[in-house]
Structure formats: C-alpha cells, structure tokens
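Structure at a glance
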Amino acid sequence: MAAVAKFLDSRLGRLGVQFAKFGAVGIVGLVVDTVVLYAGLALGLQFFAARVPSFFAAATATWALNRAFTFRGAVDEPLHRQWAKFIAANAIGGVVNYGVSVGLESSVQTVAEHPFLAVAAGSIAGMFFNFAASKHLVFKGA
C-alpha cells in the first residue's frame, strides 16, 4: 500500500490520476455527444451535420467538468475566455474526432447502422491530443 501511495504522490502518478479524471469526464462528454447526435438525426439532419452541434455540446460539457473536477487548481480566468481557449485548443482533437467518426460512418456498414460506434471511435482518437492541449494550454498550473 505504501508503494501505491508513494507512486500516486509522484509526478507520474498525479498525471495518471489527472488523465483518469479526464477520461471519466470524456465518458460524460461521449454521452452528451451521442444524445445530441441522435436528437439531430431524429430531427432529420444528416450525420455529418448532426455531428457539429453534438461536438459543441460535448465540448462545452467537458470544459465545465474538467474545470471543476480534473484541473481544479488551474489559474483562474474569465469563463468566456477559458471556454474559447478550450474550444480552440481542442479544435485539432475535434477535427480528428470528426474525421474519424464521419470516415467510419460513411465506410463501415456496422458503424453506419450504429452511429454510437462512430462517436466513440472519434472520441478516443481525439482524447490524447485534447488532454495535452487542455493541460498545457487551457488549464495551466493544474
């Protein structure tokens, strides 16, 4: 037990815990993303069009949760500025997320039949970049 406690108190251990929190928040974002995606599809939007509001809804939810939970000790700044930085810093991860999800949905029949699979694959693809961008560009000092 002492070895585990010592590891969790190390720089690598703290980073691992922070990444796990980021991943848990990402699961909530995945749910938000999927709900908004299916709502858009139910309203008659095509998949690629429905992914735009679903991404922004998920990104806003994950920004708020990461601010409160994952990167709680970050330098405080105005909400609108931090949200904009989060969206901008995660834009590359968002492009990866969107590209993977649309690419899979349009080329893999099973994924086209179950859009959740496309959303999940896109989320995983963008997660690693988004963690680094969030930690070093948005939530500095946490």
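All chains use their own residue numbering, which begins from 1 and follows the written sequence. With the structure being a predicted model, the display of local features is reserved for residues of pLDDT at least 70 and the display and counting of side-chain atom pairs for 80 or more, all residues being used for whole-chain, interface and lining totals. With hydrogens and water set aside, each side-chain value is computed from the structure's full complement of heavy atoms.

An unreviewed UniProt entry annotates the chain as GtrA family protein of Azospirillum melinis. UniProt positions are given in the numbering used here, feature names are shortened, and annotations may be inferred rather than shown by experiment. Check the Subcellular location (unreviewed entry) section of the UniProt entry for the chain; it says "Membrane". Quoted verbatim from the Sequence similarities (unreviewed entry) heading of the UniProt record, the comment on the chain is "Belongs to the GtrA family."

Cross-referencing UniProt, the feature "transmembrane region" (unreviewed entry) maps to residues 20-41, 47-65, 86-104 and 116-133 in the present numbering. Strands here are runs of E lasting at least two residues and helices are runs of H or I lasting at least four, both read from the DSSP assignment and numbered beginning at the N terminus. Structurally, residues 86-104 is divided into 95% helix and 0% strand, and its ends, taken at the C-alpha atoms, are 26 Å apart. With 100% helix and 0% strand, residues 116-133 has end C-alpha atoms that lie 25 Å from one another.

Here the focus is the packing of aromatic side chains. By convention, a stacked pair of Phe, Tyr or Trp rings (six-membered ring in the case of Trp) has centres within 6.5 Å and planes under 30 degrees apart, an edge-to-face pair has planes over 60 apart, and any other such pair is tilted. The final tally for this structure, using the stated rule, is eight aromatic pairs. Consider the rings of phenylalanine 71 and phenylalanine 139, whose centres lie 4.9 Å apart with planes at 10°: the pair is stacked. You can see phenylalanine 71 sitting in the loop between helix 3 (47-70) and helix 4 (79-89) and its partner phenylalanine 139 sitting in the segment after helix 7 (115-138), a full 68 residues away along the chain. Burial classes follow relative accessibility: with a 1.4 Å probe on protein chains only, a residue under 20% of its type's maximum area counts as buried, one over 50% as exposed, and anything between as partly exposed. Residue classification places phenylalanine 139 among the buried residues on the basis of a relative accessible area of 1%.

We define a nonpolar core as any set of buried Ala, Val, Leu, Ile, Met, Phe, Trp, Tyr and Cys residues linked to one another through side-chain atoms lying within 4.5 Å. In this structure, Phe71, Phe86, Val138 and Phe139 are the most contacted members of the largest nonpolar core, which totals 13 residues. Broken down by secondary-structure element, the contributors of at least two residues to this core are helix 3, helix 4 and helix 7. Throughout, a contact is declared for two residues whenever any of their heavy atoms are within 4.5 Å. Among all residues touching phenylalanine 86, those that are not within four sequence positions of it are Ala59, Thr62, Trp63, Asn66, Ser134, Val138 and Phe139. Core analysis: the next-biggest nonpolar cluster, separate from the first, contains eight residues, Phe47, Ala50, Val111 and Ala120 among them.

For the rest of this paragraph, the subject is a nonpolar patch on the surface. A cluster of nonpolar side chains, namely Val4, Phe7, Leu8, Leu12, Leu15 and Val17, defines an oily patch on the protein surface of about 510 Å² accessible area. When contributions to the nonpolar patch are tallied by element, the ones reaching two or more residues are helix 1 (2-9) and helix 2 (11-42). Structurally, the position occupied by valine 17 is in helix 2. A relative accessible area of 36% means that valine 17 is categorised as partly exposed. Only residues whose relative accessible area exceeds 30% and that form no salt bridge are eligible for patches; like-charged ones are grouped when within 9 Å, while nonpolar side chains (Val, Leu, Ile, Met, Phe, Trp, Tyr) are grouped when within 5 Å. The Shrake-Rupley method, run with a 1.4 Å probe sphere, supplies the accessible areas, and residue values consider only the shown protein chains as cover. A side-chain nitrogen of Lys or Arg and a carboxyl oxygen of Asp or Glu constitute a salt bridge if their distance falls within 4 Å.

Turning our eyes to something else, we now look at the side chain of asparagine 66. Note that asparagine 66 resides in helix 3. Overall, asparagine 66 belongs to the buried group, its relative accessible area being 1%. At 2.7 Å, the side chain of asparagine 66 forms a polar contact with the side chain of threonine 70. Sequence-distant contacts of asparagine 66, that is, excluding residues within four places in its chain, are made with Phe22, Val25, Phe71, Arg72, Phe86 and Phe139. What qualifies as a polar contact is a pair of N or O atoms within 3.5 Å, subject to a donor-acceptor requirement within protein and to the restriction that residues adjacent in sequence count only when both atoms come from side chains.

Attention shifts here to helix 3. Inspection of helix 3 places Phe47, Ala50, Arg51, Ser54, Phe55, Ala58, Ala59, Thr62, Trp63, Asn66 and Thr70 among the buried residues, and these make up the whole buried set. On its buried face, helix 3 sits against helix 2, helix 4, helix 5 (91-107) and helix 7.

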